Amino acid sequence: MYTLSIRKRKKRGDIEDIAAMVMFFFVTAVIWQTFLFNQRTANMKEDIDTTINQYLLCVEADGYLSDANKAALQSDLTSLGMTAIDFSGTDLSTAPKIYGQRVTLQVSGQLEIPVFQVSWLRLEKVTTPINIREKRTSISHGIS
Amino acid sequence: MKKQQLIPFKKKKGEFTSFILMFLLVFAFMAVSLFLYKRNTSLILVKKAEESLKAATLAGATIDMDEYGTTGALVINDYAKSYADFKESLKNSMGLNDDFTSSDGIISGGVHVNRYTIYNVSGSTVECITYENDVGTPSIITGSVGSIKTPNNIPVTKSTIYGSVSFQIDGFVKNKSMMGKIFNMDDIFVTKDCCADITQY
């Protein structure tokens, strides 16, 4: 009788311990996933910032975003994971700014952040889109 | 029979302890993750502020071309435009609202322009036009080349723009707490300044 009750206790205790462990790992996984997502988003946004700042120098020098620079910037941003890139609000070659006038470089689009999610007890890699809208202004150093 | 009655009591005690332990572990893990995230975003923000200030300082450098054509001096005569261009560039680069507050939840209280000074060098004379603490009217003083220095102690020999901004990053824990002091997780007060020789652009 004594032996039986000990066995029973151990088994039930095991299940409870396992349940606690599973809960722990689940909560930890959710926290870690959120942390990684935010971290990845911050780092990817930083890369996009740096890229846009580089092209702002070209816009300053020319007084507009040339077609070649526009294509190059689009290509760079695509390689960083951006989609649906739009340059609305940017000073383009159709309306160049003379020396001293304010120039604008505006980029909007969606950034695809890779994340892992559990689906039917399988770990799948998916992407979560977040909206990006970056605006930079400076003055034109182009020919007056 | 007695033994069977004692067993459930022991089991409940064990359960409680293991759940408390799990809860503490989850809490500790969450705290470490939050701290690392906050630290990383703060570092990125400070770097972004530095780059934004550099870009904004250059954005304020509109040389008076008429004066350049007449006297050959590279000076800024439209102070208000220069200051407005600086602020507009800073606002856009740092992703701030019109009132210079931030909606990213990291900066508290907004970004303050402490000082924006245009040093116009013409011959051996330096004219210092200073906007301080977001006041719209500048103070103007004149000195000679060599006697005037920027706030970061650089002697002014060529036309230069100096800009200084400050902001506060919310700490991971509340101000003046023991944890904040030990782990350096208090509010961070950031001051950045930049000096740009405008004759090179």
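What you see is a predicted model; the values in this text were computed from it and never measured.

Caption draft 1: The arrangement of the nonpolar core in detail. By size, the foremost hydrophobic cluster in this structure holds 31 residues, and its most contacted members are Leu90(B), Met94(B), Val111(B), Val113(B), Tyr116(B) and Phe167(B). Those residues within four positions of Met94(B) in sequence are excluded, and the remaining contacts are Lys48(B), Ala49(B), Ser52(B), Ile107(B), Val111(B) and Phe167(B). Membership of the second largest hydrophobic core comes to 19 residues, among which are Ile52(A), Leu73(A), Met82(A) and Leu111(A).

Caption draft 2: Quick peek at the interface of chain B and chain A. Each side of the interface is counted separately: chain B has 35 residues, and chain A has 32 residues. A combined buried area of about 3200 Å² lies between chain B and chain A, and 63% of that area is made up of carbon and sulfur atoms. At the junction of chain B with chain A, the criterion picks out three salt bridges. Put simply, Asp49(A) and Lys48(B) hold a salt bridge, and the shortest N to O gap is 3.1 Å. Put simply, chain B and chain A have nine residue pairs in polar contact (both at pLDDT 80 or more) between them. Where the side of chain B that touches chain A is concerned, the elements lending two or more residues are helix 1 (2-59) and helix 3 (79-93) of chain B.

Caption draft 3: Just the side chain of Lys91(B), in detail. Mapped onto the elements of the fold, Lys91(B) is located in helix 3. Those residues within four positions of Lys91(B) in sequence are excluded, and the remaining contacts are Leu96(B), Asn97(B), Asp98(B) and Phe100(B).

Caption draft 4: Spatial organisation of helix 2 (residues 67-79) of chain A. All names here are of chain A. Compared with the 18 Å implied by 1.5 Å per residue over 13 residues, the 18 Å span of helix 2 between its first and last C-alpha is a close match. Among the residues of helix 2, those classed as buried are Asn69, Leu73 and Leu77. The buried side chains of helix 2 occupy one side of the element, clustering within an arc of 65° when seen end-on. Turned more than 90 degrees off the buried face of helix 2, the exposed positions are Asp67, Ala68 and Ser79. Just past helix 2, the residue glycine 81 takes up positive phi, approximately 105°.

Caption draft 5: Summary view of the sheet that holds strand 3 (residues 139-144) of chain B. Residues and elements named next belong to chain B. Ordered by their spatial adjacency, five strands build an open sheet running 3-2-1-4-5, and the pairing between neighbours is antiparallel. What marks the edges here is a single partner per strand, and that holds for strand 3 and strand 5 (188-197). Pairs of neighbouring strands in the sheet enclose a mean axial angle of 15°, with direction left out of account. Along the sheet face, helix 3 touches strand 1 (107-122), strand 2 (125-132), strand 3 and strand 4 (160-169) and points at about 145° away from the line of strand 1.

Caption draft 6: Representation of the confidence of the model for chain A in the model. Per-residue pLDDT for chain A averages 84, and the proportion of residues at 70 or more is 85%. For chain A, the element scoring lowest by mean pLDDT is helix 1 (residues 2-62) of chain A, at 80; helix 2 of chain A scores highest, at 95.

Caption draft 7: Expanded view of the environment of Pro96(A). Relative to the assigned elements, Pro96(A) resides in the loop between strand 1 (82-86) and strand 2 (102-119). When the C-alpha positions of Pro96(A) and Met23(A) are compared, they lie 60 Å apart, and in sequence the two are 73 residues distant.

Caption draft 8: Highlighting unusual backbone geometry. For Ala84(A), which is not glycine, the phi torsion reads 50° and is therefore positive. Assignment of secondary structure puts Ala84(A) in strand 1. Positive phi outside glycine occurs at Asn153(B), with the angle close to 65°. Relative to the helices and strands, Asn153(B) is located in the loop between strand 3 and strand 4.

Caption draft 9: Up close: the confidence of the model for chain B. Residue and element names in this part refer to chain B. With 84% of its residues at a pLDDT of 70 or more, chain B shows a mean pLDDT of 83. Put simply, helix 4 (residues 178-183) is where chain B has its lowest mean pLDDT, 56, and helix 3 is where it has its highest, 94. The complex prediction reports pTM at 0.80, with the ipTM value standing at 0.76.

Caption draft 10: Representation of helix 3 of chain B. Residue and element names in this part refer to chain B. Over its 15 residues, helix 3 extends 21 Å from the first C-alpha to the last, a length consistent with the 21 Å expected when each residue adds 1.5 Å. Extensive coverage of helix 3 is indicated by the burial of eleven of its 15 residues. By the burial criterion, the buried members of helix 3 are Tyr79, Ser82, Tyr83, Asp85, Phe86, Glu88, Ser89, Leu90, Lys91, Asn92 and Ser93. Directly beyond the C-terminal end of helix 3, a positive phi value near 65° is found at glycine 95.

Caption draft 11: Region of interest: the state of the cysteines. Summed over the entire model, instances satisfying the criterion amount to zero disulfides over all chains. Not part of a disulfide, Cys58(A) finds its nearest cysteine sulfur in Cys194(B), a span of 20 Å. Cysteine Cys194(B) is unpaired, with the sulfur of Cys195(B) as its nearest cysteine sulfur at 7.1 Å. Exposure remark for Cys194(B): the relative accessible area of 10% places this residue in the buried category.

Reading guide: rules and limits
- Residues numbered from 1 in each chain as written.
- Chains lettered and ligands numbered in written order.
- Predicted model: local features only at pLDDT ≥ 70, side-chain atom pairs only at ≥ 80, totals over all residues.
- Heavy atoms only, no water.
- Core = buried A, V, L, I, M, F, W, Y, C linked by side-chain atoms within 4.5 Å.
- Buried < 20%, exposed > 50% of the residue type's maximum accessible area, 1.4 Å probe, protein only.
- Contact = heavy atoms within 4.5 Å.
- Buried area = accessible area lost by both parts, 1.4 Å probe.
- Salt bridge = Lys/Arg side-chain N within 4 Å of Asp/Glu carboxyl O.
- Polar contact = N/O pair within 3.5 Å; in protein donor to acceptor, adjacent residues only side chain to side chain.
- Helix = DSSP H or I, 4+ residues; strand = E, 2+ residues; numbered from the N terminus.
- Expected span 1.5 Å × (residues − 1).
- Arc of directions from axis to C-beta.
- Pairing = 2+ DSSP bridges.
- Axes fitted to C-alpha atoms, helices over the stretch in contact; angles between N-to-C directions.
- pLDDT = per-residue confidence, 0-100.
- Disulfide = S-S within 2.5 Å.

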